[in-house]
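Residue strings, one per chain:
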Amino acid sequence: MVTGEVIWMNGEFVPWAEAKVHVLTHALHYGTGVFDSMRAYETESGTAIFRNTDHLDRLQKSAAYYRMTLPYTTAELREVTHELINRNGFTGCYLRPIAYRAFGPMGLFPLDNAVDVSIAAWEWGAYLGDEGKTNGIRVRTSSWRRMGQDSFIPQSKATGQYLNSVLAKLEAVESGVDEAIMLDRRDFVCEGSGENIFLVTGGQVVTPPLTASILDGINRRSIMQISADLGRPVIERDIARAELMDADELFLTGTAAELTPINEIDGHKIGAPGPITSEIAKVFDNALHGRDQRYSEWLDIVPVQSTV
Ligand code: PMP
């Protein structure tokens, strides 16, 4: 992790080491925060944030589910991301906006606590490793179910909800693999601890539907578009656990993980990234880096600003 120099907090750019919160911050005690993440890539037209507005809109939506109103519009936050990149001098980076209930009255009722907002940026390589991104990772089915909509709001990227993902990730890594695949409460395939999942079977690309308690991943949407453009419209349907073991190809998508192939699940070899995964991955990588004009509207080019 290569940290930035400044972090934006509630309207101000503060030095990285000074971006602090009070120990009685409501979100620290009760998980009342929401976050999102974007990646910016170096392209021929300059640094570009991939689907920036889509991510910031999802942040607003994540917050609204929990009755939080951000004191900034998506347009204002978008401006902040641009200035943050310029001030930190990044050409490519990871961006982490977070909105959270601040220090104020204690107790669970949240509406009297202010909503604070911050955006940090740093340089972050392949989340599941360069080797994993190229040759695939090993995964296991988690003993932890992905939260259901009877307990939480799976469509929200709420901080407290991520304890569910943390349990799954811990179990996976401590049992010697790279990532966890969680089932939903009906025992159908859901997603990774921080990624959506796709499988390829008999030439068809399949992914769980939004009703399977998944996060509506922005990269999932992108992959669905790319796969359709390659003549393989993605089928959204419930997937049984055994189908993962039988799959011809499997891969994960997410902002941190980008597109990461899976080469083994629960001890079943899937093997090196297959032809359909590789074809989709190539177009996706071109889209991220501004090398495919068909997807140029996904790129938010950061204007070069003079900040001092
Ligand atoms: N599922 C979960 C639980 C996640 O945390 C993420 C990462 N945001 C994803 C899926 C993938 O979403 P996206 O493609 O929007 O990053």
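So, how was this worked out
Residues numbered from 1 in each chain as written. Predicted model: local features only at pLDDT ≥ 70, side-chain atom pairs only at ≥ 80, totals over all residues. Heavy atoms only, no water. Helix = DSSP H or I, 4+ residues; strand = E, 2+ residues; numbered from the N terminus. Rg over C-alpha atoms; globule rule 2.2 N^0.38 Å. Buried < 20%, exposed > 50% of the residue type's maximum accessible area, 1.4 Å probe, protein only. Areas by Shrake-Rupley, 256 points an atom, 1.4 Å probe, with all protein chains shown as cover. Lys, Arg positive; Asp, Glu negative; His and termini not counted. Charge placed at Lys NZ, Arg CZ, Asp CG, Glu CD. Patch = residues over 30% accessible without salt bridge, like charges linked within 9 Å, V, L, I, M, F, W, Y side chains within 5 Å. Salt bridge = Lys/Arg side-chain N within 4 Å of Asp/Glu carboxyl O. Near = heavy atom within 4 Å. Polar contact = N/O pair within 3.5 Å; in protein donor to acceptor, adjacent residues only side chain to side chain. Nonpolar A, V, L, I, M, F, W, Y, C, P; charged D, E, K, R; others polar. Core = buried A, V, L, I, M, F, W, Y, C linked by side-chain atoms within 4.5 Å. Pairing = 2+ DSSP bridges. Contact = heavy atoms within 4.5 Å.

**Student:** Kindly report on the overall build of the chain, identifying the contributing residues and their values.
**Tutor:** Scanning the chain for helices and strands turns up 8 helices and 18 strands. The globule rule puts the C-alpha radius of gyration for 308 residues at 19 Å, and the 19 Å found for the chain is close to it. Counting only C-alpha atoms and orienting by the principal axes, one finds that the chain spans roughly 55 × 50 × 30 Å. Relative to its 308 residues, the chain shows a buried fraction of 51%. Summed over all atoms, the accessible surface of the chain reaches about 13600 Å², with 52% contributed by carbon and sulfur. Each charge sign in the chain was given a centre, from 28 positive and 41 negative side chains, and these centres are 3 Å apart.

**Student:** Before we move on, could you go through the side chain of Ser227 and cite the residues and values that matter?
**Tutor:** You can see Ser227 is positioned in helix H6 (residues 218–229). With a relative accessible area of 0%, Ser227 lands in the buried category.

**Student:** Can you explain the environment of Ala158? Please cite residues and give values.
**Tutor:** Looking at the element boundaries, Ala158 is found in the loop between strand S9 (137–141) and helix H5 (162–174). Residues Ala158 and Tyr65, spaced 93 residues apart in sequence, show a C-alpha to C-alpha distance of 9.3 Å.

**Student:** Lay out a nonpolar patch on the surface in plain terms, naming residues and giving numbers.
**Tutor:** A cluster of nonpolar side chains, Val23, Leu24, Leu28, Tyr30, Phe103, Met106 and Leu108, forms an exposed patch at the surface whose accessible area comes to about 690 Å². By secondary structure assignment, the location of Phe103 is in the loop between strand S7 (93–101) and strand S8 (115–123).

**Student:** How would you sum up the site of the ligand? Please name residues and give values.
**Tutor:** Around the ligand, the structure places 17 residues, and the nearest of them are Lys157, Tyr162, Ile218, Asn219 and Thr255. Arg58 is positioned such that a nitrogen or oxygen atom in its side chain is 2.8 Å from an oxygen atom of the ligand. Between Asn219 and the ligand, the recorded distance is 2.7 Å, taken from a side-chain N or O atom to an oxygen atom. Taking 390 Å² as the accessible area of the ligand by itself, protein coverage stands at 96%. Residue assignment for the shell around the ligand shows that the elements contributing at least two residues are helix H2 (52–65), H6 and strand S15 (249–254). Looking at the shell around the ligand residue by residue, the class counts come to 3 nonpolar, 9 polar and 5 charged.

**Student:** Go over the pattern of salt bridges with me, naming the residues and quoting the values.
**Tutor:** Evaluated as defined, the whole model comprises 21 salt bridges. For the salt bridge of Arg220 with Glu236, the shortest nitrogen-to-oxygen distance reads 2.6 Å. In this pair, Arg220 is assigned in helix H6 and Glu236 in strand S14 (residues 235–236), connecting sequence segments 16 residues apart. Under the relative-accessibility criterion, Arg220 is labelled buried at 3%. Measuring nitrogen to oxygen at the nearest pair gives 2.8 Å for the salt bridge that ties Arg294 to Asp292. Several salt bridges converge on common partners, so that one network encompasses Arg39, Lys133 and Glu258.

**Student:** Help me get a handle on the nonpolar core, residues and values and all.
**Tutor:** Across soluble globular proteins, nonpolar side chains show a tendency to be buried alongside one another. In terms of nonpolar packing, the biggest core is built from 25 residues, with Leu70, Leu77, Ile85 and Leu95 touching the most fellow members. Those elements that provide at least two residues to this core are strand S2 (6–9), strand S5 (38–43), H2, helix H3 (74–88), S7 and S8. In this structure, Ala48, Val205, Met224 and Trp298 belong to the second largest nonpolar core, which totals 21 residues.

**Student:** Outline the pairing of strand S11 (residues 189–192), supporting the account with residue identities and numerical values.
**Tutor:** A regular strand carries its side chains on alternate faces of the sheet. Judged from the 3 bridges that link them, strand S10 (residues 179–183) and S11 form a sheet pairing that is antiparallel. Looking at S11, one finds that Leu183 is bridged to Val189. Once S10 ends, the chain turns through 5 residues before running back antiparallel as S11, passing Asp187 with a positive phi of about 75 degrees.

**Student:** An account of the side chain of Thr255 is requested, with residue identities and associated values reported.
**Tutor:** Mapped onto the elements, Thr255 comes out in the loop between S15 and strand S16 (258–265). Residue classification places Thr255 among the buried residues on the basis of a relative accessible area of 12%. Side-chain polar atoms of Thr255 contact the side chain of Asn219, separated by 3.1 Å. Once you skip the residues sitting within four places of it in the chain, Thr255 turns out to touch Ser37, Met38, Arg39, His55, Tyr94 and Asn219.

**Student:** Can you lay out unusual backbone geometry for me, pointing to particular residues and giving the numbers?
**Tutor:** The phi dihedral of Arg67 falls on the positive side, at around 60 degrees, and the residue is not glycine. Looking at where Arg67 falls in the secondary structure, it is placed in the loop between H2 and H3. The phi dihedral of Glu258 is positive, around 50 degrees, even though this residue is not glycine. Summarising the element assignment, Glu258 is placed in strand S16.

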